[in-house]
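# Descriptive structure summary
Below, each chain spelled out in residue letters.
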Amino acid sequence: MSLRIGVIGAGGMGREHIRNLSALEDVEVAVVADAVEAAAVAGAQIAGAKSTIDSIAVATQEGLDAVVIASPDDTHAELTIAAIRAGKKVLCEKPLAVTVEDALAVVHAEQAAGQPMVQVGLMRVYDPAHQQVQSAMLELGPLHHLRLVHRNTNFDWERPLDVVFSQSLIHDIHTARWLSGSEFVTVVAQVVRTGARINYVNLLGQLQNGATVTVEFAEATYGYDVEIEATCEEGMAIAAQPAHPVVRRDGASHRHIGDDWFGRFTEAYRIEAAEWTAGVRVAQVRGPGSADGLAAQRVVAAAIESAESGARVALAPQHELGA
Ligand code: ISE
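## Quick look at the overall build of the protein chain
A tally of helices and strands in the protein chain yields 10 helices and 15 strands. Relative to the globule expectation of 20 Å for 323 residues, the C-alpha radius of gyration of the protein chain, 20 Å, shows essentially globular dimensions. A principal-axis box enclosing the C-alpha atoms of the protein chain has dimensions of 60 × 50 × 45 Å. By residue count, 49% of the 323 residues in the protein chain fall in the buried class. Contacts spanning at least 24 positions in sequence make up 69% of the contacts within the protein chain whose residues lie at least 6 apart. Working note: accessible area of the protein chain is about 14300 Å², and carbon and sulfur atoms make up 50% of it. Taken as two groups, the 24 positive and 40 negative side-chain charges of the protein chain have centres that lie 3 Å from each other.

Okay, structure coming up:
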(Lines give C-alpha, C1' and ligand atoms only; values in the text may rest on other atoms or scores of the structure.)
Protein backbone atom coordinates (compact mmCIF):
# COMPACT_ATOMS: atom_id res chain seq x y z
CA MET A 1 0.00 0.00 0.00
CA SER A 2 1.36 3.42 -0.91
CA LEU A 3 1.71 5.86 1.99
CA ARG A 4 0.48 9.37 1.27
CA ILE A 5 2.46 12.01 3.12
CA GLY A 6 2.17 15.76 3.54
CA VAL A 7 5.29 17.80 4.27
CA ILE A 8 4.85 21.07 6.17
CA GLY A 9 7.79 23.44 5.81
CA ALA A 10 9.90 23.50 2.66
CA GLY A 11 13.12 25.05 3.94
CA GLY A 12 16.39 23.11 3.87
CA MET A 13 15.18 20.42 6.26
CA GLY A 14 11.76 20.07 4.63
CA ARG A 15 13.37 19.63 1.22
CA GLU A 16 15.75 17.00 2.61
CA HIS A 17 12.72 15.05 3.88
CA ILE A 18 10.89 15.47 0.55
CA ARG A 19 13.89 14.07 -1.36
CA ASN A 20 14.41 11.14 1.01
CA LEU A 21 10.72 10.21 1.23
CA SER A 22 10.24 10.44 -2.54
CA ALA A 23 13.13 8.03 -3.07
CA LEU A 24 11.34 5.32 -1.04
CA GLU A 25 9.20 2.69 -2.68
CA ASP A 26 5.45 3.01 -2.10
CA VAL A 27 5.78 6.40 -0.44
CA GLU A 28 4.19 9.42 -2.08
CA VAL A 29 4.75 13.00 -0.99
CA ALA A 30 1.29 14.23 -2.00
CA VAL A 31 1.37 17.83 -0.79
CA VAL A 32 3.89 20.37 0.47
CA ALA A 33 2.95 23.40 2.56
CA ASP A 34 5.00 26.49 3.32
CA ALA A 35 3.89 29.93 4.45
CA VAL A 36 6.08 31.32 1.65
CA GLU A 37 4.37 30.36 -1.60
CA ALA A 38 7.54 30.19 -3.72
CA ALA A 39 9.10 27.81 -1.19
CA ALA A 40 5.99 25.61 -1.18
CA VAL A 41 6.02 25.45 -4.98
CA ALA A 42 9.76 24.69 -5.16
CA GLY A 43 9.44 21.97 -2.49
CA ALA A 44 6.43 20.42 -4.21
CA GLN A 45 8.27 20.30 -7.54
CA ILE A 46 10.89 17.94 -6.09
CA ALA A 47 8.18 15.32 -5.65
CA GLY A 48 5.63 16.31 -8.27
CA ALA A 49 3.29 17.12 -5.35
CA LYS A 50 0.59 19.75 -4.83
CA SER A 51 1.58 22.93 -2.97
CA THR A 52 -0.23 25.20 -0.54
CA ILE A 53 0.48 27.98 1.95
CA ASP A 54 -2.01 26.50 4.43
CA SER A 55 -0.05 24.37 6.92
CA ILE A 56 -2.90 23.56 9.27
CA ALA A 57 -4.99 22.34 6.31
CA VAL A 58 -2.24 19.83 5.48
CA ALA A 59 -1.92 18.72 9.12
CA THR A 60 -5.59 17.78 9.08
CA GLN A 61 -6.10 16.89 5.39
CA GLU A 62 -8.17 13.82 4.63
CA GLY A 63 -6.50 11.15 2.57
CA LEU A 64 -3.03 11.64 4.06
CA ASP A 65 -1.58 8.86 6.23
CA ALA A 66 1.12 10.96 7.84
CA VAL A 67 2.74 14.37 7.93
CA VAL A 68 6.28 15.66 8.35
CA ILE A 69 6.52 18.91 10.28
CA ALA A 70 9.59 20.93 9.35
CA SER A 71 8.11 24.41 9.70
CA PRO A 72 9.47 27.06 12.14
CA ASP A 73 10.06 25.64 15.63
CA ASP A 74 7.31 27.64 17.32
CA THR A 75 4.67 26.02 15.07
CA HIS A 76 5.68 22.41 15.82
CA ALA A 77 3.49 21.70 18.86
CA GLU A 78 0.30 23.20 17.44
CA LEU A 79 0.64 21.42 14.09
CA THR A 80 1.58 18.12 15.73
CA ILE A 81 -1.47 18.25 18.00
CA ALA A 82 -3.73 19.12 15.06
CA ALA A 83 -2.35 16.16 13.08
CA ILE A 84 -2.74 13.75 16.01
CA ARG A 85 -6.37 14.81 16.45
CA ALA A 86 -6.93 14.27 12.72
CA GLY A 87 -5.58 10.72 13.12
CA LYS A 88 -2.30 11.26 11.28
CA LYS A 89 1.11 9.88 12.18
CA VAL A 90 3.73 12.60 12.54
CA LEU A 91 7.45 13.01 12.07
CA CYS A 92 8.05 16.30 13.87
CA GLU A 93 11.43 17.96 13.46
CA LYS A 94 13.20 18.82 16.68
CA PRO A 95 12.36 20.56 18.90
CA LEU A 96 8.96 18.99 19.56
CA ALA A 97 7.98 22.36 21.05
CA VAL A 98 9.74 25.48 22.21
CA THR A 99 8.45 25.23 25.78
CA VAL A 100 8.16 22.33 28.20
CA GLU A 101 4.43 23.09 28.62
CA ASP A 102 3.81 22.75 24.89
CA ALA A 103 5.89 19.56 24.64
CA LEU A 104 3.81 18.14 27.51
CA ALA A 105 0.62 19.12 25.67
CA VAL A 106 1.79 17.05 22.67
CA VAL A 107 2.49 14.06 24.93
CA HIS A 108 -0.99 14.38 26.42
CA ALA A 109 -2.62 14.68 22.96
CA GLU A 110 -0.87 11.48 21.90
CA GLN A 111 -1.93 9.72 25.11
CA ALA A 112 -5.52 10.79 24.39
CA ALA A 113 -5.23 9.24 20.91
CA GLY A 114 -4.48 5.92 22.62
CA GLN A 115 -1.72 4.87 20.23
CA PRO A 116 1.84 5.87 19.28
CA MET A 117 1.62 8.67 16.70
CA VAL A 118 4.67 10.93 16.98
CA GLN A 119 8.32 10.49 16.10
CA VAL A 120 10.70 13.38 16.77
CA GLY A 121 13.57 14.23 14.41
CA LEU A 122 16.31 13.49 16.93
CA MET A 123 18.12 11.64 14.14
CA ARG A 124 21.56 11.04 15.64
CA VAL A 125 20.22 7.58 16.57
CA TYR A 126 20.34 6.68 12.86
CA ASP A 127 23.92 7.85 12.28
CA PRO A 128 26.21 4.85 11.71
CA ALA A 129 29.07 6.45 13.70
CA HIS A 130 26.80 7.01 16.71
CA GLN A 131 25.46 3.46 16.39
CA GLN A 132 29.00 2.03 16.34
CA VAL A 133 29.74 3.82 19.61
CA GLN A 134 26.56 2.39 21.08
CA SER A 135 27.53 -1.19 20.11
CA ALA A 136 31.12 -0.74 21.33
CA MET A 137 29.81 0.49 24.69
CA LEU A 138 28.02 -2.83 25.21
CA GLU A 139 31.45 -4.47 25.61
CA LEU A 140 33.05 -1.81 27.79
CA GLY A 141 31.24 -2.05 31.10
CA PRO A 142 29.55 0.79 32.99
CA LEU A 143 29.68 4.28 31.50
CA HIS A 144 31.68 6.89 33.42
CA HIS A 145 31.63 9.89 31.11
CA LEU A 146 30.28 10.97 27.73
CA ARG A 147 32.04 13.81 25.95
CA LEU A 148 29.97 15.27 23.13
CA VAL A 149 31.41 17.98 20.91
CA HIS A 150 29.23 19.87 18.44
CA ARG A 151 30.65 22.60 16.25
CA ASN A 152 28.42 24.65 13.95
CA THR A 153 29.02 27.07 11.13
CA ASN A 154 26.20 29.55 11.76
CA PHE A 155 28.07 32.62 10.59
CA ASP A 156 25.13 34.41 8.98
CA TRP A 157 22.82 35.05 11.87
CA GLU A 158 23.01 35.45 15.65
CA ARG A 159 20.85 32.93 17.45
CA PRO A 160 19.63 33.71 20.97
CA LEU A 161 20.50 31.24 23.73
CA ASP A 162 17.13 29.47 23.85
CA VAL A 163 17.35 28.80 20.10
CA VAL A 164 20.94 27.54 20.33
CA PHE A 165 19.81 25.08 22.99
CA SER A 166 16.54 23.95 21.43
CA GLN A 167 17.89 23.68 17.87
CA SER A 168 21.42 22.45 18.46
CA LEU A 169 22.30 21.14 21.94
CA ILE A 170 19.00 19.28 22.02
CA HIS A 171 20.65 16.69 19.72
CA ASP A 172 23.51 16.11 22.18
CA ILE A 173 21.08 15.96 25.08
CA HIS A 174 19.16 13.22 23.30
CA THR A 175 22.39 11.44 22.35
CA ALA A 176 23.40 11.43 26.03
CA ARG A 177 20.05 9.98 27.15
CA TRP A 178 20.06 7.39 24.36
CA LEU A 179 23.67 6.20 24.70
CA SER A 180 23.57 6.11 28.51
CA GLY A 181 20.04 4.74 28.85
CA SER A 182 19.77 7.19 31.75
CA GLU A 183 18.24 10.59 32.52
CA PHE A 184 19.74 13.93 33.49
CA VAL A 185 19.33 14.70 37.19
CA THR A 186 21.28 17.97 37.29
CA VAL A 187 22.67 20.34 34.72
CA VAL A 188 25.07 23.30 34.72
CA ALA A 189 25.62 25.46 31.66
CA GLN A 190 28.10 28.22 30.98
CA VAL A 191 28.14 30.50 27.95
CA VAL A 192 30.99 32.37 26.28
CA ARG A 193 29.78 35.56 24.55
CA THR A 194 31.07 38.58 22.72
CA GLY A 195 28.49 41.22 23.58
CA ALA A 196 25.15 39.57 22.78
CA ARG A 197 26.69 37.05 20.38
CA ILE A 198 26.96 33.49 21.62
CA ASN A 199 30.29 31.88 20.81
CA TYR A 200 30.45 28.77 22.94
CA VAL A 201 28.33 26.78 25.37
CA ASN A 202 29.63 24.28 27.91
CA LEU A 203 27.12 21.96 29.52
CA LEU A 204 27.84 19.56 32.35
CA GLY A 205 25.17 17.03 33.23
CA GLN A 206 24.94 14.41 35.94
CA LEU A 207 22.99 11.31 34.97
CA GLN A 208 20.84 9.16 37.19
CA ASN A 209 23.22 6.20 36.70
CA GLY A 210 26.08 8.23 38.23
CA ALA A 211 27.88 9.01 34.95
CA THR A 212 28.55 12.55 33.75
CA VAL A 213 28.12 14.19 30.35
CA THR A 214 29.79 17.22 28.87
CA VAL A 215 28.61 18.98 25.75
CA GLU A 216 31.04 21.43 24.20
CA PHE A 217 29.21 23.49 21.60
CA ALA A 218 30.72 26.09 19.26
CA GLU A 219 28.28 28.32 17.38
CA ALA A 220 30.41 29.54 14.48
CA THR A 221 33.69 27.85 13.79
CA TYR A 222 35.92 26.28 11.14
CA GLY A 223 33.40 23.70 9.94
CA TYR A 224 30.57 21.40 10.96
CA ASP A 225 32.07 18.83 13.27
CA VAL A 226 30.49 16.36 15.69
CA GLU A 227 32.52 14.15 18.05
CA ILE A 228 31.49 11.51 20.56
CA GLU A 229 33.68 9.87 23.19
CA ALA A 230 32.36 7.41 25.74
CA THR A 231 34.67 6.57 28.63
CA CYS A 232 33.62 3.36 30.33
CA GLU A 233 34.97 1.11 33.08
CA GLU A 234 36.96 -1.04 30.65
CA GLY A 235 37.89 1.37 27.87
CA MET A 236 36.72 4.08 25.52
CA ALA A 237 34.66 4.29 22.33
CA ILE A 238 35.31 7.19 19.98
CA ALA A 239 33.04 7.81 16.99
CA ALA A 240 34.59 7.43 13.56
CA GLN A 241 34.67 10.57 11.47
CA PRO A 242 33.26 10.47 7.92
CA ALA A 243 35.82 9.01 5.53
CA HIS A 244 37.52 11.68 3.46
CA PRO A 245 40.91 11.33 1.81
CA VAL A 246 43.93 13.29 2.91
CA VAL A 247 44.87 15.46 -0.04
CA ARG A 248 48.41 16.82 -0.30
CA ARG A 249 48.83 19.81 -2.53
CA ASP A 250 50.76 23.07 -2.78
CA GLY A 251 53.06 22.13 0.07
CA ALA A 252 50.16 21.33 2.43
CA SER A 253 48.03 18.38 3.50
CA HIS A 254 44.22 18.71 3.83
CA ARG A 255 41.33 16.58 4.98
CA HIS A 256 37.83 17.82 4.19
CA ILE A 257 35.54 18.35 7.18
CA GLY A 258 32.38 19.85 5.68
CA ASP A 259 30.28 22.77 6.74
CA ASP A 260 26.77 21.53 7.38
CA TRP A 261 24.70 18.76 8.88
CA PHE A 262 23.16 17.71 5.56
CA GLY A 263 26.59 16.52 4.44
CA ARG A 264 27.63 14.97 7.76
CA PHE A 265 24.31 13.20 8.35
CA THR A 266 23.12 12.38 4.78
CA GLU A 267 22.88 8.69 5.56
CA ALA A 268 21.17 9.22 8.93
CA TYR A 269 18.41 11.32 7.33
CA ARG A 270 17.83 8.65 4.68
CA ILE A 271 17.63 5.89 7.28
CA GLU A 272 15.31 8.05 9.40
CA ALA A 273 12.88 8.43 6.47
CA ALA A 274 12.91 4.68 5.78
CA GLU A 275 12.51 3.69 9.44
CA TRP A 276 9.80 6.23 10.18
CA THR A 277 7.66 5.18 7.20
CA ALA A 278 8.21 1.48 8.00
CA GLY A 279 6.90 2.23 11.52
CA VAL A 280 3.92 4.20 10.16
CA ARG A 281 2.83 1.17 8.10
CA VAL A 282 2.56 -1.00 11.20
CA ALA A 283 1.30 1.72 13.60
CA GLN A 284 4.57 1.83 15.55
CA VAL A 285 6.95 4.60 16.50
CA ARG A 286 10.39 2.99 16.24
CA GLY A 287 12.54 6.06 16.80
CA PRO A 288 12.59 8.85 19.39
CA GLY A 289 9.03 9.60 20.48
CA SER A 290 7.18 12.48 22.09
CA ALA A 291 8.37 11.48 25.59
CA ASP A 292 11.95 11.85 24.31
CA GLY A 293 11.10 15.23 22.80
CA LEU A 294 9.68 16.31 26.16
CA ALA A 295 12.63 14.93 28.16
CA ALA A 296 15.11 16.75 25.91
CA GLN A 297 13.14 20.00 26.14
CA ARG A 298 13.13 19.76 29.94
CA VAL A 299 16.94 19.51 29.96
CA VAL A 300 17.07 22.47 27.55
CA ALA A 301 14.91 24.53 29.93
CA ALA A 302 17.04 23.55 32.94
CA ALA A 303 20.25 24.38 31.06
CA ILE A 304 18.94 27.82 30.06
CA GLU A 305 17.98 28.44 33.69
CA SER A 306 21.49 27.44 34.76
CA ALA A 307 23.16 29.62 32.12
CA GLU A 308 21.11 32.59 33.32
CA SER A 309 21.42 32.04 37.08
CA GLY A 310 24.84 30.44 37.33
CA ALA A 311 23.32 27.71 39.50
CA ARG A 312 23.25 23.94 39.09
CA VAL A 313 19.65 23.03 38.22
CA ALA A 314 18.00 19.77 39.28
CA LEU A 315 15.43 17.89 37.19
CA ALA A 316 12.58 15.92 38.73
CA PRO A 317 11.71 12.55 37.16
CA GLN A 318 9.48 12.98 34.09
CA HIS A 319 6.68 10.77 35.43
CA GLU A 320 6.06 13.42 38.10
CA LEU A 321 4.73 15.63 35.26
CA GLY A 322 2.10 13.04 34.40
CA ALA A 323 3.91 12.16 31.17
C1 ISE B 1 20.48 22.19 13.08
O2 ISE B 1 19.16 22.65 13.18
C3 ISE B 1 20.50 20.70 13.17
O4 ISE B 1 19.54 20.03 13.37
C5 ISE B 1 21.84 20.12 13.16
O6 ISE B 1 21.79 18.72 13.24
C7 ISE B 1 22.59 20.67 14.32
O8 ISE B 1 23.89 20.12 14.36
C9 ISE B 1 22.70 22.17 14.22
O10 ISE B 1 23.43 22.66 15.30
C11 ISE B 1 21.31 22.78 14.20
O12 ISE B 1 21.41 24.17 14.06
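There's more to say after this.
## Things to note about the domain arrangement of the protein chain
The domain architecture assigned to the protein chain consists of domain 1 (3–122 + 267–289) and domain 2 (124–264 + 298–314). For domain 1 versus domain 2, the distance between C-alpha centres works out to 26 Å. Contact residues are listed per partner, giving 19 residues for domain 1 and 14 residues for domain 2. Across the domain 1/domain 2 interface, buried area totals approximately 1400 Å², and carbon plus sulfur atoms make up 68% of it. There are 0 salt bridges connecting domain 1 and domain 2. Here domain 1 is connected to domain 2 by 4 residue pairs in polar contact (both at pLDDT 80 or more).

## Points about helix 9 (residues 266–281)
For helix 9, which comprises 16 residues, the first-to-last C-alpha distance of 23 Å matches the rise-based estimate of 22 Å (1.5 Å per residue) to within 8%. Burial in helix 9 covers these residues: Ala-268, Tyr-269, Glu-272, Ala-273, Trp-276, Thr-277, Gly-279 and Val-280. Projected down its long axis, helix 9 carries its buried residues within an arc of 155 degrees, all on one side. Looking one or two places after helix 9, you find Ala-283, whose phi comes out positive at around 55 degrees.

## Focus on the packing of aromatic side chains
Inspection of the entire model under this criterion finds 4 aromatic pairs. Ring geometry for Tyr-224 and Phe-265: centres 6.3 Å apart, planes at 80 degrees, overall edge-to-face. You can see Tyr-224 sitting in strand 11 (residues 220–232) and its partner Phe-265 sitting in the loop between helix 8 (261–264) and helix 9, a full 41 residues away along the chain. On the accessibility criterion, Tyr-224 (3% relative accessible area) is buried. Residue classification places Phe-265 among the buried positions, given a relative accessible area of 0%. An aromatic cluster of at least three residues, connected via ring pairs, comprises Tyr-224, Trp-261, Phe-262, Phe-265 and Tyr-269.

## Quick word on the sheet that holds strand 7 (residues 143–153)
Strand order in the open sheet formed by 7 strands is 12-11-7-10-9-8-15, and the pairing between neighbours is mixed. Across the chains shown, the open sheet's two edge strands, defined by having one partner strand only, are strand 12 (235–238) and strand 15 (313–314). The pairing of strand 9 (residues 197–207) with strand 10 (residues 212–218) spans 7 bridges and is antiparallel. Bridge assignment links Val-201 to a residue of strand 10, and that residue is Phe-217. Sheet strands touched by helix 6 (residues 128–137): strand 7, strand 11 and strand 12. Its angle to strand 11, the strand with the most contacts, is close to 15 degrees. Sheet strands in contact with helix 7 (residues 161–180) are strand 7, strand 8 (184–194), strand 9, strand 10 and strand 11, and its direction is about 30 degrees off that of strand 9.

The rules behind the values
- Residues numbered from 1 in each chain as written.
- Predicted model: local features only at pLDDT ≥ 70, side-chain atom pairs only at ≥ 80, totals over all residues.
- Heavy atoms only, no water.
- Helix = DSSP H or I, 4+ residues; strand = E, 2+ residues; numbered from the N terminus.
- Rg over C-alpha atoms; globule rule 2.2 N^0.38 Å.
- Buried < 20%, exposed > 50% of the residue type's maximum accessible area, 1.4 Å probe, protein only.
- Contact = heavy atoms within 4.5 Å.
- Areas by Shrake-Rupley, 256 points an atom, 1.4 Å probe, with all protein chains shown as cover.
- Lys, Arg positive; Asp, Glu negative; His and termini not counted.
- Charge placed at Lys NZ, Arg CZ, Asp CG, Glu CD.
- Domains from an automatic or database assignment.
- Buried area = accessible area lost by both parts, 1.4 Å probe.
- Salt bridge = Lys/Arg side-chain N within 4 Å of Asp/Glu carboxyl O.
- Polar contact = N/O pair within 3.5 Å; in protein donor to acceptor, adjacent residues only side chain to side chain.
- Expected span 1.5 Å × (residues − 1).
- Arc of directions from axis to C-beta.
- Phe/Tyr/Trp six-rings, centres within 6.5 Å; stacked < 30°, edge-to-face > 60°.
- Pairing = 2+ DSSP bridges.
- Axes fitted to C-alpha atoms, helices over the stretch in contact; angles between N-to-C directions.

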